[in-house]
Each structure stands twice: as structure tokens, then as C-alpha cells.
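# Observations on chain architecture
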Amino acid sequence: MRTELTINGATHALEADARTTLLDALRDHLGLTGSKKGCDHGQCGACTVIVNGRRINACLTLACMHDGDEIVTIEGLGTAEAPSEMQRAFVAHDGYQCGYCTPGQICSATAMLDEVAQGWPSHVSDDLTGEMDLSDAEISERMSGNLCRCAAYPNIVDAIRATARKEAAE
Amino acid sequence: MKRFDYARAADVAEALREGQGDGAAFIAGGTNLLDLMKLRVLTPDRLVDINRLALGGIERDGDGLRIGALVTNSDLAADETVRRDYPVLSRALLAGASGQLRNKATTGGNLLQRTRCYYFYDIAMPCNKRDPGSGCQARGGVTRLHAILGGSDKCIATHPSDMAVAMLALKAEVEVEGTDGARRRVPLDDFYVPPGDTPQVETVLGAGELITAVILPLPAGDRQIYAKVRDRASYAFALVSCAAVIGMDGDRIGHAALAFGGIAPRPWRNAEVDGLLTGQAPSDDLFRRAADLLLADAKGHGGNDFKIPLARRVLIDTLRKATRGDAA
């Protein structure tokens, strides 16, 4: 079936079986292999992309359900020549070892900071209605949908904290 | 996945029309359904996409709140009215799944999510819920996630939702629309059916019926707590959870509504426990008697024996906190 997907600002016409997940459409049909397939069951977060401003697992949604949606993948956040602040921070803080989970971590963290900016509480927030203070415990909780089997977690938290502080200072 | 037809419905009437027939399934967030379809636990031959239906939005409903079936778990948890007046619901939602999943998972879908029983998920295993009459491997197997209350000889799987546990303590109603276009409201307490001999039947929803909203009445108590014990600090299903909505009347408990997750095939409540607490002055002795009553019929299956003392401690601890006024 035919679906029009808007990915990183460009429109793509996809002709694919209805069973095609958004992740498989990105990787296998459109050549956007930045999004990674880890578990393919929504448990690891390696496939995280941003749809209409919200981070989701691309493996647990069908491409045909996203006709007309605005999709941002890791390729849309920055390039090798012009990386995003979050991408720079992951490099500066060594927020990875093998790098397989990194595109998902960066997409997730980028959208997570927007959630914090909108005042969304988390499981570890003391006050549901107060100002959100992005402590390390908050970062870990909010990033719990992204696994890193190399366990680069301390450096991932450092990278996200540094990006949040830089954005707050601007 | 097994091949299926895909239809995107523009409105509720079209969804109900397209959703008729045994092999049809509605899809909203899809986070649970697609997972199960990839594993061939579920094999619908028709998917009706209801995401474009006008079933979003959270609005006032008399003194209460009407939550559209398509409201995501994230939006519901972050809603200012929910955070202020129904904090137990925000807390329960935030204790479930991950940020990515909460952004897709919907209110209606959350109520209908399926058990994470290992044997239900493994199609090489018999399972009375997945394949009626084939048997149950959980009994005598690995039962860490399984029920201590409300199970049957045929099934001891637990309902996995956190959201539904909080909604049960808040006395929610589920609004359902049938193929005749008529809408009815079912108290959440009457929505789930016990497994009995037919564990494949989990709710009172009729064939082709669609959840359109959840209605919350004005909360009857302002002391609201959601306590969840799990194997990891985040992103894990409850071993035991407890939602408490308590209203104090001077030094006494004026209103008590408790609900539990992780211990039964449905979000669990025992009206006798609420009745025992109501009108009484809080004390550890009272809380112990409430736990005795809740767990009088509890039965372990080996790997989940620990849930009986754990549920007892969670109940007592939650009641202590709620009656002394700890924040949600």
C-alpha cells in the first residue's frame, strides 16, 4: 500500500506491505539506516525516532499509520559536519562504546528535553506540579526506555545534563 | 507477522463498521498489539486504525473528568487537572512503561493490554488464554509474575496495567460504543471478568465494541498514593502495586478505596477491605486487619509465594503514608 511520509522535512512516497513497521520502512525502503533495530519489541529504544515532536519506538508502529506525520530521525538532527548540541555532547562526554544504541539515545534525549521544558513530571519527581529540576535521577528515569549494553550510562547522563545546562543558559 | 488487511477509519461509525467480524482488531497506539502480532500470539486478519477518530481530549464531565480513549498515557499523566486532582493516576501512569511507549500507548488500549505471562507469549507452549483448552504451563512453571488472588484452574496470569489500578481506586467508568451506535457506561469494577473456564474472555466488551472514553468522578479522597514494587527501579511491570484514595474525616478515615496491581488477573479490589477501613481511626492494628482480609484467600504457586507477604507490607505502608498525609 502507498503511504506518504515526511521525514526530516522531505516527503517520501512509500509503497510497501501493510506489515512494514516504521523502522523497517526507514531502514530497508528509504535507506535511512541511522535508526537501529535492537530488540524489535519496544524494549531497547535503539529505534527511537521523533514523530510530531514526540519520541516513539519506530519498531512498534506501522509505517502506513503515519501518513502525513512529521518524522525526525537521527539523520535529521545533525550531520557529521554540523552535529546537534546533543550529538556534540555525546562525543565530548564519550557517551557510548560500540555506538549501536547511540542514535536512539540521542533522538530520545533530544525529545526528552522538550518534555522537561513542557513541565512533564516523571516517576521520580517529588512534586507533580512543581518546577522540573533535571537531576541525574530524573535523567536516568526519563531515559529508562533506552538500553546500552556497553553500560555507558554515566557518560550518557553527563552528555544529557551538559546539553540541558547549555540550552538553559541560552 | 501474518498478513492482514489495513483500514483507516475516519469516524467512530466507520470504525465500528470496519471492525465487525472475528478476525478484526482495532489498533490505536499499537505498542502491545504489534508486539503480540510479531510473535504470532495474535493474528488478526484485519486491522482497523482508529487513530484519526475524534476520541482525544480531556474535558470536564459534570464534577468529574472525561478522558478520550485516544488520549496518550503521556498526555494523561501530564494533564494539569489530573496532576492536581487525580495525582494517583499521574503517578500510576508515570510508573509504567517508558517515555517512548507512554507517548504512543492510549487510554483505551492500556485498559485492554494483555498479560505478560511468559507462557501466553510463547506460542510453543500451551496456554488457555491464547489457545482455549490447550492447558496452562504457568501452574508448576515459573510464576514470578503470576496471580495470588482471583485466578482459576485454567489461568493465573496477571493484568499488567498500572493505569487501570489507579482508575479502579478512583471509581472510573468506561464508555463503550456498540455497532448499534448506542453508548453505555460500565463501572471499571464491572469491566473485567474473572478467568474461570474462559480466560480468553477478559472484559465485558462485546464483539466489535469500541471504548470511546473513561470517565472519572470527582475524587472522593485527597490522600492519593500509588505504590509500585518491581524488579527494576524503572520500566518493569509490577510485582505488587497499590493505589489508595483516602479521605480523612477528622481523625477517622472517611473514605477508603484501594486497588491492587500485579496480584490478580484483573486490577484487583475488595470492597470489604474498603468497608473495614471506613469510619475507623488509622492504626497499624487496623491496617493489619485490612491486609488479613485482602489476602484471606491468597494462594501462591511457588515462584510467587513472596507476593503474599509483599502485598501485605505494601498495603500497610501505603495506608500509613496516606493516613498521615504523605504527598502522592
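Calculation criteria
- Residues numbered from 1 in each chain as written.
- Chains lettered and ligands numbered in written order.
- Predicted model: local features only at pLDDT ≥ 70, side-chain atom pairs only at ≥ 80, totals over all residues.
- Heavy atoms only, no water.
- Salt bridge = Lys/Arg side-chain N within 4 Å of Asp/Glu carboxyl O.
- Helix = DSSP H or I, 4+ residues; strand = E, 2+ residues; numbered from the N terminus.
- Buried < 20%, exposed > 50% of the residue type's maximum accessible area, 1.4 Å probe, protein only.
- Pairing = 2+ DSSP bridges.
- Core = buried A, V, L, I, M, F, W, Y, C linked by side-chain atoms within 4.5 Å.
- Contact = heavy atoms within 4.5 Å.
- Buried area = accessible area lost by both parts, 1.4 Å probe.
- Polar contact = N/O pair within 3.5 Å; in protein donor to acceptor, adjacent residues only side chain to side chain.
- Nonpolar A, V, L, I, M, F, W, Y, C, P; charged D, E, K, R; others polar.
- Phe/Tyr/Trp six-rings, centres within 6.5 Å; stacked < 30°, edge-to-face > 60°.
- Domains from an automatic or database assignment.
- Lys, Arg positive; Asp, Glu negative; His and termini not counted.

## So, the pattern of salt bridges
All names here are of chain B.
- Summed over all chains, the structure comprises 36 salt bridges over all chains.
- Ionic pairing is found between Arg184 and Glu209, a salt bridge with its closest N-O pair at 2.7 Å. Separated by 25 residues along the polypeptide, Arg184 in strand β7 (residues 183-187) and Glu209 in the loop between α10 (188-191) and β8 (210-216) bring together distant segments of the chain.
- On the basis of relative accessible area, Glu209 is assigned to the buried category, the value being 16%.

## A word on the pairing of strand β6 (residues 173-177) of chain B
Residues and elements named next belong to chain B.
- Counting buried residues along β6, four of its five residues qualify, which places the element largely inside the surrounding structure.
- Sheet topology places β6 next to β7; five bridges connect them, and they run antiparallel. The residue of β7 that forms the bridge with Glu177 is Arg183.
- Linking two consecutive strands that pair antiparallel, namely β6 and β7, is a turn of five residues; a positive phi of about 85° is found at Gly181 within it.
- Examined bridge by bridge, β6 and β8 share five bridges and lie antiparallel to one another. Looking at the pairing, Glu175 lines up with Ala213 of β8.

## Focus: the nonpolar core
All names here are of chain B.
- Counting 39 residues, the largest nonpolar core has Leu76, Leu89, Leu111, Met167, Leu188 and Leu216 as the members making the most contacts within it.
- When residues in this core are grouped by element, the largest group, seven residues, is from helix α9 (residues 163-169).
- Discounting chain neighbours no more than four positions away, the residues touching Leu111 are His159, Met163, Ala164, Met167, Val174, Leu188, Tyr192, Ile211 and Val214.

## With respect to the interface of chain A and chain B
- Taken together, the contacts link 40 residues of chain A with 42 residues of chain B.
- Across the chain A to chain B interface the summed buried area is about 3,200 Å²; carbon plus sulfur atoms make up 52%.
- Counting the surface chain A buries against chain B, the share from its top three residues, Arg19, Met65 and Leu128 of chain A, is 23%.
- Seen at the junction of chain A and chain B, the total is four salt bridges.
- Across the chain A-chain B interface, the total number found is 23 residue pairs in polar contact (both at pLDDT 80 or more).
- At the level of secondary structure, the elements contributing two or more residues to the side of chain A that touches chain B comprise β4 (54-57) and α4 (102-117) of chain A.
- For the side of chain A that touches chain B, the leading source of residues is β4 of chain A, giving four residues.
- Of the residues in the side of chain A that touches chain B, the class split is 12 nonpolar, 18 polar and 10 charged.

## Points about the packing of aromatic side chains
Residue and element names in this part refer to chain B.
- In the structure shown here, the tally under the stated rule is three aromatic pairs over all chains.
- Judged by centre distance (6.0 Å) and plane angle (75°), the ring pair of Tyr118 and Tyr119 falls under edge-to-face.
- The class of Tyr118 is partly exposed, set by a relative accessible area of 33%.
- Ring plane angle 85° and centroid distance 5.2 Å describe the contact between Phe191 and Tyr192, whose orientation is recorded as edge-to-face.

## Quick look at the domain arrangement of chain A
All names here are of chain A.
- Structurally, chain A comprises domain 1 (2-77) and domain 2 (85-169).
- Relative to domain 2, the C-alpha centre of domain 1 lies at a distance of 22 Å.
- Each partner contributes residues to the interface: domain 1 has 17 residues there, and domain 2 has 17 residues.
- In this assembly, domain 1 packs against domain 2 so that about 1,400 Å² is buried in total across both faces, 57% of it on carbon and sulfur atoms.

## Quick word on the environment of Thr6 of chain A
All names here are of chain A.
- Considering the arrangement of structural elements, one finds Thr6 in strand β1 (residues 2-7).
- With a relative accessible area of 14%, Thr6 lands in the buried category.
- Expressed as a C-alpha distance, the spacing of Thr6 and His66, which sit 60 residues apart in the sequence, is 8.8 Å.
- Residue contacts for Thr6: discarding those within four places in its chain leaves Thr11, Asp69, Glu70 and Ile71.

## Digging into the side chain of Arg230 of chain B
- With respect to the helices and strands, the residue Arg230 of chain B is situated in strand β9 (residues 223-230).
- Here Arg230 of chain B is buried and forms no salt bridge, its nearest opposite-charge partner Glu141 of chain A lying at an N-O distance of 5.0 Å.
- Engagement of the side chain of Arg230 of chain B in a polar contact is seen with the backbone oxygen of Ala233 of chain B, the distance being 3.2 Å.
- The contacts of Arg230 of chain B, once residues within four sequence positions are left out, are His123 of chain A together with Ala95, Tyr235, Ala236, Phe237, Ala238 and Leu239 of chain B.

## Observations regarding the domain arrangement of chain B
- Along its sequence, chain B is carved into domain 1 (5-52) and domain 2 (223-324).
- Taken over C-alpha atoms, the centre of domain 1 of chain B sits 36 Å from the centre of domain 2 of chain B.

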